4 protein chains.
Amino acid sequence: MKIESAEVFVASPGRNYVTLKLTTDTGLTGLGDATLNGRELAVVAYLQEHVAPLLVGRDAHAIEDTWQYLYRGAYWRRGPVTMAAIAAVDMALWDIKAKAAQMPLYQLLGGPSRTKLRAYAHATGWSTGELIASVQQRIDEGFTAVRIQPGVPGLNRTYGVNGAGSALGAYEPAARLALPEEEDWDTSAYMRHIPGVFGTVRDKFGPEIDLLHDVHHRLTPIQAAKLGAALEPFNPFWLEDVTPAENQAALSLVRTHTTVPLAIGETFNSIFDYQILIRDQLIDYVRSAVTHAGGITAMRKLADYAALYQIKLAIHGPSDISPVGFAAALHLDLAVHNFGIQEYMMHPVQARDVFDVDYTYADGALYLSDSPGLGVRYDETAAAAYPYERAYLPVNRLKDGTLHDW
Amino acid sequence: MKIESAEVFVASPGRNYVTLKLTTDTGLTGLGDATLNGRELAVVAYLQEHVAPLLVGRDAHAIEDTWQYLYRGAYWRRGPVTMAAIAAVDMALWDIKAKAAQMPLYQLLGGPSRTKLRAYAHATGWSTGELIASVQQRIDEGFTAVRIQPGVPGLNRTYGVNGAGSALGAYEPAARLALPEEEDWDTSAYMRHIPGVFGTVRDKFGPEIDLLHDVHHRLTPIQAAKLGAALEPFNPFWLEDVTPAENQAALSLVRTHTTVPLAIGETFNSIFDYQILIRDQLIDYVRSAVTHAGGITAMRKLADYAALYQIKLAIHGPSDISPVGFAAALHLDLAVHNFGIQEYMMHPVQARDVFDVDYTYADGALYLSDSPGLGVRYDETAAAAYPYERAYLPVNRLKDGTLHDW
Amino acid sequence: MKIESAEVFVASPGRNYVTLKLTTDTGLTGLGDATLNGRELAVVAYLQEHVAPLLVGRDAHAIEDTWQYLYRGAYWRRGPVTMAAIAAVDMALWDIKAKAAQMPLYQLLGGPSRTKLRAYAHATGWSTGELIASVQQRIDEGFTAVRIQPGVPGLNRTYGVNGAGSALGAYEPAARLALPEEEDWDTSAYMRHIPGVFGTVRDKFGPEIDLLHDVHHRLTPIQAAKLGAALEPFNPFWLEDVTPAENQAALSLVRTHTTVPLAIGETFNSIFDYQILIRDQLIDYVRSAVTHAGGITAMRKLADYAALYQIKLAIHGPSDISPVGFAAALHLDLAVHNFGIQEYMMHPVQARDVFDVDYTYADGALYLSDSPGLGVRYDETAAAAYPYERAYLPVNRLKDGTLHDW
Amino acid sequence: MKIESAEVFVASPGRNYVTLKLTTDTGLTGLGDATLNGRELAVVAYLQEHVAPLLVGRDAHAIEDTWQYLYRGAYWRRGPVTMAAIAAVDMALWDIKAKAAQMPLYQLLGGPSRTKLRAYAHATGWSTGELIASVQQRIDEGFTAVRIQPGVPGLNRTYGVNGAGSALGAYEPAARLALPEEEDWDTSAYMRHIPGVFGTVRDKFGPEIDLLHDVHHRLTPIQAAKLGAALEPFNPFWLEDVTPAENQAALSLVRTHTTVPLAIGETFNSIFDYQILIRDQLIDYVRSAVTHAGGITAMRKLADYAALYQIKLAIHGPSDISPVGFAAALHLDLAVHNFGIQEYMMHPVQARDVFDVDYTYADGALYLSDSPGLGVRYDETAAAAYPYERAYLPVNRLKDGTLHDW
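Colleague: Which residues make up the overall build of chain A, and what values do they have?
Modeller: Regarding its fold elements, chain A presents 13 helices and 18 strands. The C-alpha atoms of chain A give a radius of gyration of 21 Å, which matches the 22 Å a tight globule of 406 residues would have. C-alpha atoms of chain A, sized along the principal axes, occupy 60 × 45 × 40 Å. Looking at the 406 residues of chain A, the share that counts as buried comes to 68%. The long-range share in chain A, meaning contacts at least 24 apart out of those at least 6 apart in sequence, stands at 72%. Of the side chains in chain A, 33 bear a positive and 46 a negative charge, and the two mean positions are spaced by 3 Å.

Colleague: Tell me about the interface of chain B and chain A, and name the residues and values.
Modeller: Chain B puts 64 residues into the contact, and the matching count from chain A is 62 residues. Between chain B and chain A, the buried area comes to about 5,300 Å², and carbon and sulfur atoms account for 56% of it. Of all residues in chain B, Tyr75(B), Trp76(B) and Glu246(B) bury the most surface against chain A, accounting for 18% of the area lost on that side. Taken together, the links from chain B to chain A amount to 12 salt bridges. Among the salt bridges present, the one from Glu246(A) reaches Arg77(B), with a minimum N-O distance of 2.9 Å. Listed by contribution, the elements that provide at least two residues to the side of chain B that touches chain A are helix H1 (40-55), helix H2 (63-73), helix H3 (80-101), helix H9 (275-279), strand E17 (395-398) and strand E18 (403-404) of chain B. By residue number, the principal contributor to the side of chain B that touches chain A is H1(B), which donates 10 residues. In terms of residue class, the side of chain B that touches chain A is made up of 29 nonpolar, 18 polar and 17 charged.

Colleague: Residues and numbers for helix H3 (residues 80-101) of chain A, please.
Modeller: End to end, H3(A) covers 31 Å across 22 residues, agreeing with the expected 32 Å (1.5 Å per residue, within 8%). Of the residues one or two after H3(A), Gln102(A) is the one with positive phi, at around 55°.

Colleague: So what about the packing of aromatic side chains? Which residues, and what values?
Modeller: Under the criterion given, the structure shown has 80 aromatic pairs over all chains. Arranged with centres 4.8 Å apart and planes meeting at 25°, the rings of Trp67(C) and Tyr71(C) form a pair that is stacked. Here Trp67(C) pairs with Tyr71(C), and both are found in helix H2 (residues 63-73), just four residues apart, close to one helical turn. One aromatic cluster is present, built from ring pairs that chain together Tyr75(A), Trp76(A), Tyr159(B), Tyr171(B) and Trp406(B). The side chain of Lys301(A) reaches across the aromatic face of Trp67(A), ending 5.7 Å from its centre.

Colleague: How would you sum up the packing of H3(A) against helix H10 (residues 295-307) of chain A? Please name residues and give values.
Modeller: Residues and elements named next belong to chain A. Remark: H3 packs on H10, axes separated minimally by 6 Å, with the N-to-C direction vectors making an angle of 95°. Accordingly, the angle class assigned to the pair H3 and H10 is roughly perpendicular. Along the contact surface, H3 presents Ala87, Asp90, Met91 and Trp94, while H10 presents Gly295, Ile296, Thr297 and Arg300. By residue class, the composition of the contact of H3 with H10 is four nonpolar, two polar and two charged.

Colleague: Could you give an account of the relation of the copies chain C and chain A, naming the residues involved and the relevant values?
Modeller: With an axial shift of 0.6 Å and an RMSD of 0.1 Å, the rotation relating chain C to chain A amounts to 90°. With respect to symmetry, the two chain copies, as superposed, fit the operation of a four-fold axis. Rotation axis and chain C: the residue whose C-alpha lies nearest the axis is Thr256(C), separated from it by 4.8 Å. A share of only 10% of the interface residues of chain C reappears at the interface of chain A, consistent with the copies meeting through non-equivalent patches.

Colleague: I'd love a proper account of the sheet that holds strand E2 (residues 17-24) of chain A, names of residues and values included.
Modeller: All names here are of chain A. Across the sheet, three strands lie side by side as E1-E2-E3; this open sheet has antiparallel pairing. On the outer flanks of this sheet lie strand E1 (3-11) and strand E3 (29-33), each paired with one strand and no other. On average, each strand axis in the sheet is inclined to that of its neighbour by 20°, with strand direction left out of account. Direction of pairing for E2 relative to E3: antiparallel, over a ladder of five bridges. In the sheet register, Thr23 faces E3, and the bridge partner there is Thr29. Sheet strands in contact with helix H1 (residues 40-55) are E1 and E2, and its direction is about 170° off that of E1.

Colleague: Run through the interface of chain C and chain A, naming residues and quoting values.
Modeller: Taken together, the contact pairs 20 residues of chain C with 20 residues of chain A. Of the roughly 1,700 Å² buried between chain C and chain A on both sides combined, carbon and sulfur atoms contribute 51%. When the buried area of chain C at its contact with chain A is split by residue, Thr259(C), Gln281(C) and Gln310(C) rank highest and sum to 34% of it. Across the chain C-chain A interface, the total number found is one salt bridge. The partner of Asp400(A) in a salt bridge is Arg114(C), with the nearest N and O atoms 3.4 Å apart.

Colleague: Can you explain the pairing of strand E1 (residues 3-11) of chain B? Please cite residues and give values.
Modeller: All names here are of chain B. When E1 meets strand E2 (residues 17-24), the two strands line up antiparallel, connected through eight bridges. Residue Val10 lies in a different strand from E2, and its bridge partner there is Val18. Counted along the chain from E1 to the antiparallel partner E2, the turn is five residues long, and its residue Gly14 has a positive phi close to 95°.

Colleague: Can you lay out the nonpolar core for me, pointing to particular residues and giving the numbers?
Modeller: Burial of nonpolar side chains together is a common tendency in soluble globular proteins. Counting residues in each nonpolar core, the largest one holds 574 residues, and the members touching the most others are Leu22(A), Ile278(B), Ile278(C) and Leu22(D). Broken down by element, this core gets its largest block of residues, 15 residues, from H3(B). Residues within four places of Ile278(C) in sequence aside, it is in contact with Ile283(C), Val286(C), Leu302(C), Tyr305(C), Ala306(C), Tyr309(C) and Ile311(C).

Colleague: Break down the relation of the copies chain B and chain A for me, with residues and values.
Modeller: For these two chains of identical sequence, chain B goes onto chain A by a turn of 179° and a shift of 0.0 Å along the axis, with RMSD 0.1 Å. What the rotation and shift describe, once combined, is the action of a two-fold rotation axis. Distance from the rotation axis, computed per C-alpha, reaches its smallest value in chain B at Gly79(B): 1.6 Å.

Colleague: Pulling in residues and values, what's your account of the packing of H2(B) against helix H10 (residues 295-307) of chain B?
Modeller: The description of two packed helices rests on the angle between their axes and on the distance between the axes. Residues and elements named next belong to chain B. Two elements in contact, H2 and H10, have axes whose closest approach is 9 Å; the angle formed by their N-to-C orientations is 95°. Classified by the angle their axes make, H2 and H10 are roughly perpendicular. Here Ile63, Glu64, Trp67 and Gln68 of H2 come into contact with H10, specifically with Thr297, Ala298 and Lys301.

Colleague: Provide a residue-level description of the sheet that holds strand E18 (residues 403-404) of chain C, including the pertinent values.
Modeller: All names here are of chain C. The three strands lie next to each other as E6-E17-E18, forming an open sheet whose pairing is mixed. The open sheet terminates on both sides in strands that have one partner only, identified here as strand E6 (182-185) and E18. Relative to strand E17 (residues 395-398), E6 runs parallel, the two sharing four bridges. In the sheet register, Glu183 faces E17, and the bridge partner there is Asn396.

Colleague: Run through the domain arrangement of chain A, naming residues and quoting values.
Modeller: Residue and element names in this part refer to chain A. Domain annotation of chain A identifies domain 1 (3-104) and domain 2 (108-371). Here domain 1 and domain 2 have C-alpha centroids that lie 26 Å from each other. Listed per partner, the contact involves 32 residues of domain 1 and 36 residues of domain 2. Buried area between domain 1 and domain 2, summed over both chains or domains, comes out near 2,600 Å², and the portion from carbon and sulfur atoms is 62%. Its largest share of buried area at the contact with domain 2, domain 1 owes to Tyr17, Trp94 and Pro104, together 23% of the area lost on that side. Summed over the shared surface of domain 1 and domain 2, the number is two salt bridges. Glu172 serves as the salt-bridge partner of Arg15, at 3.0 Å between the closest nitrogen and oxygen. At the junction of domain 1 with domain 2, the criterion picks out 11 residue pairs in polar contact (both at pLDDT 80 or more). Contributions of two or more residues to the side of domain 1 that touches domain 2 are made by E2, E3, helix H2 (63-73) and H3. Its residues assigned to classes, the side of domain 1 that touches domain 2 shows 18 nonpolar, eight polar and six charged.

Colleague: Report on the side chain of Glu49(C), specifying residues and quantitative values.
Modeller: Secondary-structure assignment places Glu49(C) in helix H1 (residues 40-55). Excluding residues within four positions of it along the chain, Glu49(C) makes contact with Leu41(D), Tyr388(D), Arg390(D) and Tyr392(D).

Colleague: Which residues make up the pattern of salt bridges, and what values go with them?
Modeller: Opposite charge on two side chains allows them to pair when their charged atoms are near. Under the defined criterion, the tally for this structure stands at 108 salt bridges over all chains. Between Arg138(B) and Glu141(B) there is a salt bridge whose closest N-O contact spans 2.8 Å.

Colleague: Describe helix H11 (residues 323-335) of chain D, and please don't skip the residues or the numbers.
Modeller: Between its first and last C-alpha, H11(D) extends 18 Å over 13 residues, near the 18 Å set by a 1.5 Å rise per residue. Of all 13 residues in H11(D), 13 are buried; the element is thus mostly enclosed.

Calculation criteria
- The residue numbering used here restarts from 1 in each chain and proceeds along that chain's sequence as written.
- Chain letters start at A and ligand numbers start at 1, both assigned in the order the entries are written.
- In keeping with the model being predicted, local features are shown solely for residues with a pLDDT of at least 70 and side-chain atom pairs are shown and tallied solely at 80 or more, while totals for entire chains, interfaces and linings include all residues.
- Here the side-chain values reflect all heavy atoms present in the structure, with hydrogen atoms and water set aside.
- In this description a helix means any DSSP run of H or I spanning at least four residues, a strand means any run of E spanning at least two, and both kinds are numbered starting from the N terminus.
- Based on C-alpha atoms, the radius of gyration is set beside the globule rule, defined as 2.2 Å times the residue count to the power 0.38.
- In this scheme, a residue with accessible area under 20% of its type's maximum is buried, one over 50% is exposed, and one in between is partly exposed, where area comes from a 1.4 Å probe on protein chains only.
- Any pair of residues with heavy atoms lying within 4.5 Å of one another is described as a contacting pair.
- Only four residue types enter the charge count: Lys and Arg as positive, Asp and Glu as negative, with His and the chain ends excluded.
- Note on charges: their place is set at NZ of Lys, CZ of Arg, CG of Asp or CD of Glu.
- Accessible surface is computed with a 1.4 Å probe, and the buried area is the amount of it that two parts give up when combined, taken over both parts together.
- A carboxyl oxygen of Asp or Glu within 4 Å of a side-chain nitrogen of Lys or Arg is what we treat as a salt bridge.
- Gly is placed with the polar residues, together with every amino acid not listed as nonpolar (Ala, Val, Leu, Ile, Met, Phe, Trp, Tyr, Cys and Pro) or charged (Asp, Glu, Lys and Arg).
- A helix's residues, less one, multiplied by 1.5 Å, set its expected span.
- Two aromatic rings from Phe, Tyr or Trp, using only the six-membered ring of Trp, form a pair when their centres are within 6.5 Å; if the ring planes differ by under 30 degrees the pair is stacked, by over 60 it is edge-to-face, and anything between is tilted.
- Only Lys NZ and Arg CZ are tested; either one counts as a charge over a ring when it is within 6 Å of the ring centre and within 35 degrees of the ring normal.
- Geometry is summarised by axes, namely lines fitted to C-alpha atoms with helices restricted to the contacting stretch, and by angles between N-to-C directions that run from 0 to 180 degrees.
- If an angle is under 35 degrees, it is roughly parallel; if it is over 145, roughly antiparallel; if it lies from 65 to 115, roughly perpendicular; otherwise it is oblique.
- We place the copies in one frame by least squares, fitting the C-alpha atoms of every residue whose pLDDT is at least 70 in both.
- Two strands make a pair as long as DSSP finds a minimum of two bridges between them.
- Only buried Ala, Val, Leu, Ile, Met, Phe, Trp, Tyr and Cys residues count toward a nonpolar core, and they belong to the same one when joined by side-chain atoms within 4.5 Å.
- Where each domain starts and ends comes from a domain assignment, either automatic or drawn from a database.
- Think of a polar contact as two N or O atoms within 3.5 Å of one another; within protein, one of them needs to be a possible hydrogen donor and the other a possible acceptor, and neighboring residues in sequence only count if both atoms come from side chains.

Okay, here's the thing in structure tokens:
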């Protein structure tokens, strides 16, 4: 079975998505997600100009070989653009192979290890009142695990929440503006505010609901350690991305001071980004996206390595992972033994026009059907009605103007 | 001083080069190299679509802030495409700042720490006889340090050398072919062959010539350790890229068994790729390119970090670093205290039509002039005569077909 | 551009300052601060007798080379006298280079990374009431971060505070006395007293004001750990110099027990004094003075090394760093990405007669102008009216007479 | 017993020496050596202006307290100038105390642990022939341990040897010139040359003579490792100062590859400079001078700490340690249990006019008399005939002009 064509689509049904479609000489097609939020066209060029010509004529079954061919053959390794391109090819080939086997992909990955995939949703509210309303809505939707992101007094806008006084609605960080929004940040204000919010939410909803929180890389290790200790009484499910973690060893300082579970990795692209974190058991959840960490092939190896240390898989699931990438995550989630939880931010409603998916949500969990492959169909005609629009993620500055991690 | 425009040029005078040109409202212009061999258009798209709009109107003097803006503001960090794009902006801004100061860039970096920059050249020959002829040619050109890359009996082609029986000539790995060349590889044959070649070359040219060798990531740590020990009697200047080094700690095994100096890093993009290598003093030379590791701003920090451990700078200087990126390397080389040696592969002759440079070579060393900025001019008209052509680096397979590091 | 003369001035406008002035053959001049509180004339002799003769005729642009020449060329390395002398030369050369470029120095260092420099001031009061009055005064002056130093019951005098019952006024530790004052010290009394003071001040001024405290090297690691834990409820911005730290590893014991941020380094002279502290992430702020740690060249390397570990720059800014050294600090602060905060003790009023500065203070922050170079002018005539007077820092003894760290 | 006066003398009988003389109210006097080669007047100013006023009236018996008073009371710690000043005071006080006890100093330090002090001398010769002649001369003088320093082909001059073709004579690095001599250096040439020289000398003089060699900080760790391994067949007594060792951990790399004994420390001023070296057993001999590491008080603690790890004392004994400092070394050598060997470079003949000493040399060993105190007398009148002359140690540059460790 040879690959006959490799096509790259960019569409913006609510937000930008980059989709790779491989077609084989047997007529089977496979889809891959190559969306890199705010840097989409770099991946498009990478795929169209540098990867697509390599794929035509290759054995569609040789997935591992193709992965190595693209990883080692590029010479220039790692990084989000490269790994998103490889991931898209990898997903599409697994989609094809599963269709060829007439099985859902999770069967090729070892079969189901569970019946459903527990998901967590986002609750956001600038004020604690708004946040509580948002949490309630998630609970009403059936979620038993909710990521809570409040505003911070004195700031104009912060990660994960629309600004103070905004109508409570969907939060989407990527803005279709000429320039990135510049948010402001004050670590002290944030650290003073969060424990109270956590306490209030915990009091309101009781001990059984799992509460998650994303720090979005904004703390130093000692600050993260302090925050972890401060939140312990409220029993967080996890704290996510507490530090930038390019210096992996830094999390050992956090680990010394708190038993709050730690999750990290949505910006990582390689198993080597986790090497010390996992070996030294500095984290509890690996959070890479299938889309950004090299596809099913690479993520399965990462999950298996993590399992050695009882670390679980909690794949990144924001709106900028397309339904294709999200389906890939679910198949892996179902198959690996060390599944933890799946983020489920949901996609813009317009995305349903373009992506037809077989996975479903009910009662706090995600379910896969038994349709072959990934179970996602891409409507090229519908996509054409949503042309790409340039969008940027925000940047973040301290009060004095210093560029800070967003 | 504001940036008024950001233009990206791709041209192929002998090989592909990506060049960024920034123009300020004072009329000053700056050049940056964004060439990523075999993945050029991904960086072009990254710059044109996602970075150029951010630059117009920014303060051209705020180089550190712009670096952080592009690094942290992208959210998705590191990797060759991202860091080449950032590097190009950074180089162009330093070019502008130095022109504004009416000084050569090295003056802004602390002034000259030496009078000339020792360079090493490549000698290649499939047979030992051809290799010796090539070394002799380099010596005749004035070089006192030569990288020797022989063929390996039983293989068809290998890194750094044209195939057996080819006319001795310029070696350029990137091929303008529809697909990458597939080379073959046999580690055992290589390891049996190299010590004899080294011995013969050493015997022929005596103890004073410095002999370097590039293993191009093809060995495991224990193989590298064994090779290092086997070559010690012939006193190599360094062994380069003995392992892939994504697992940085692996070089400690090599280090345990041999005192052969180790160089690594041309595929690295971040100071964090070196964190353990430097901290544990596992290497002797850092080999990143200014172009691929985030520009002058990032490379200076890397050089200074390395200096803490007596590790020296030996910047990557293949033909795919454009004359702009190469000039940036020379300015940094001249300024930092811990300069080691500069690779000088030279550029295709056609590149001279497009890039007018003020650096010169004489008697085994490179020299910078005192012209302001980087001292490189880009001829857009000439460049237009050399349109981009897709080209690929080779890939590499073991005898049984296994994809191996190239 | 050659150095034509090197002159050393010592003057005492309110307190002693040592100032180096370099003049080039182009007529440009540069200033450097070589003040070493209580050991001024050792640096004067070092500069006049041993360094000045080396400078005349040297290339004023070769700053890195001159730094290495003075550091390695002295053979006897490190230490406050040597490094203050080197620092003065380095500052003066950067001043000259920036003037030659017609740019403020921060532009040569990469341009501004922020718009203003947050500063902290000192509040001192023997009694808690006096301390609160002093904090209020700082707040009225616009400061949002204040270092609080109370007296300790049972002691006669302690670091940072005038003795019990003294009129609240400027605190200047260096005394123009025949002999150093001998203060007394009781660690237990101090540790019993401080948490209550912190609590009272925090209660009085609320959660938003940042409170700093300087322990001035007086505790053992386990005492420091205990103090850190005791102060955590009052959320100190940092604890400074909790231990002597000649044994760098000792801070790991402190770090194990508290998440209070740690700052250290005003007595350090070399990046190697921080090697373990930074590598093992035992501190949060590096506190060296540009004047005592080898100048701009050395401090920039230190700041960049610290940045690898998210450690921030918080340069020493007492009255004994002259306005020249203080301006150098501000230029570095503005340029580096990892600026934290700047100490601002202010200078005696008489210093304004001698040093004319372009930096300004407003609303809790310091600002640099865009005047070329460091932006400080030295009035030699005015200086002559303030001849040097010997002065000593105090020493410190336990109740039983044991000499203790002051 | 109170100190009544503190006088500082600088004289140049053959070379510069700084001598402190303390006089007590009992009429006893003590001498201390404060010579810092090439930076003499900085220590003079430190002592005269900042230390002498502190001493008058102090209890001459309170040596430990005075040491702490000067170390902690200066606030600015460590470094060669500070520690040489403290050392001079410390030596003079021990001289006084021993005189007061009417005992040689070694008796107060615990009494003699041996009857004589094995010494090593310097042999120097540019050519191997000259070197052999010099070794023979040392053997004829009775030495059984000789430091051998040959020239290096292609260089003009190197550490420890007069240039090629010079008349073989006393080697004294400090030159009374307007500027430091600039030597040249080529590590490769050095490393190729030394093993042959060692082999020839070993062959010539047989296995029993101990051969030492000083690398004078010029190698990186891996180069030092390689040199150590290369010299092992010739059984060196030690290699000294193979690396700069500001990064103490670096010697672990050397240690991995060779069992050649390592000595280091003549530029160190503090026990903390040895902390990792001793704790990790990376060296075999501590080489500080009593004069530069804080005196008898500090050196005894260093020797005792080293003894914990079977590391021995081998005190620095060049011509720039005055006969006073040298006598102090001998008293310590005689008393401590872990004495290794004593360097004995000897002093210029003119020094005998000024310093009258009771120690003697015979048959490869140094002997102390039973005269009270240090056993050295300083002739102020004779000294006045040898006024101070500025002198500089050389600096060292690589062939390309890079400043290298001298």
